[in-house]
Amino acid sequence: MDEMTQVKVDVGVLKNQVDVLTRLCDKMDTIIDKLMSNQDKLVEQIYNDMEKKKADTNVDVKELHSRITTVDRSLSDKLELTERRIMDEIKGLRNQISEHNKKEDSQMQKISEWRWMVGGGIVVITFLLSLMKFDILKLLGM
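The residue numbers shown here count from 1 along each chain, following its written sequence. Thresholds applied to this predicted model are a pLDDT of at least 70 for local features of residues and 80 or more for the giving and counting of side-chain atom pairs; totals over whole chains, interfaces and linings are not thresholded and use all residues. Hydrogens are left out, water is left out, and the side-chain values use all remaining heavy atoms of the structure.

**Some thoughts on the overall build of the chain**
Going by this rule: The helix and strand labels rest on DSSP assignments: H or I over at least four residues marks a helix, E over at least two residues marks a strand, and numbering proceeds from the N terminus. For this measure, only C-alpha atoms enter the radius of gyration; the expected value for a globule follows 2.2 Å times N^0.38, where N is the number of residues. Only protein chains enter the accessibility calculation, which uses a 1.4 Å probe; a residue whose area is less than 20% of its type maximum is buried, one above 50% is exposed, and one in between is partly exposed. In this description, accessible areas are obtained by the Shrake-Rupley approach with a 1.4 Å probe, and a residue is regarded as covered only by the protein chains that are shown. For the purpose of charge, His is not counted, nor are the chain termini; Lys and Arg are scored as positive and Asp and Glu as negative. Just so you know, the charge point we use is NZ for Lys, CZ for Arg, CG for Asp and CD for Glu.
Scanning the chain from N- to C-terminus turns up two helices and zero strands. Over its C-alpha trace the chain gives a radius of gyration of 59 Å, far above what one expects of a compact globule, namely 14 Å for 142 residues. When its C-alpha atoms are laid out on the principal axes, the chain stretches across 195 × 25 × 15 Å. Within the chain, the fraction of its 142 residues that count as buried is 1%. Carbon and sulfur atoms provide 63% of the accessible area of the chain, an area that totals close to 13900 Å². When the 23 basic and 25 acidic side-chain charges of the chain are each reduced to a single mean position, those positions are 13 Å apart.

Have a look at this one:
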């Protein structure tokens, strides 16, 4: 029976080892379950963070679009105002140039009239002098 006892002892040791292995496997299953749960939580957190970033990015894009639109309107208004000012200045200059040209034309016309009158007077004086007798001039002392 010695052999039988040895087999019983071996079977007992094997049962013990199987129990230890079973407990180890149970612990490993628990650890794996916890790791899987943590992994799921991490993945879920990553997706939540990604969704939040996406939402933040959409808000930022909308805000940028709004700012660009505001700046565009502001620049358009300023450009239109500047264009109006330039056009008003051009009209003012055009009016000033027109008035100046009218004054110069008037002055040139007066000078031309005066020149023709002086020229006509010289012609008349020359004609009268040609009709005069120079003897009378000698008497006058010239």
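**Topic: a nonpolar patch on the surface**
Just so we agree on the cut-off: Exposure above 30% relative accessible area and no salt bridge define the residues that can form patches, which grow by joining like charges within 9 Å and nonpolar side chains of Val, Leu, Ile, Met, Phe, Trp and Tyr within 5 Å. Salt bridges are identified by distance alone: a Lys or Arg side-chain nitrogen within 4 Å of an Asp or Glu carboxyl oxygen.
A cluster of nonpolar side chains, namely Met-28, Ile-31, Ile-32, Leu-35 and Met-36, defines an oily patch on the protein surface of about 500 Å² accessible area. With respect to the helices and strands, Ile-32 occurs in helix H1 (residues 2–131).

**Regarding the environment of Leu-93**
Relative to the helices and strands, Leu-93 is located in helix H1. Taking the C-alpha atoms as reference points, Leu-93 and Asp-2, separated by 91 residues in sequence, lie 132 Å from one another.

**Here's the deal with the pattern of salt bridges**
Applying the stated criterion across every chain yields a total of three salt bridges. For the salt bridge of Glu-80 with Arg-84, the shortest nitrogen-to-oxygen distance reads 2.3 Å. Separated by four residues within a single helix, Glu-80 and Arg-84 lie in helix H1, roughly one turn from each other. Looking at Glu-80, the relative accessible area reads 39%, which means it is partly exposed.

**Some points on the environment of His-65**
With respect to the secondary-structure elements, His-65 resides in helix H1. On the basis of relative accessible area, His-65 is assigned to the exposed category, the value being 54%. Separated by 53 residues in the primary sequence, His-65 and Val-118 place their C-alpha atoms 78 Å from one another.

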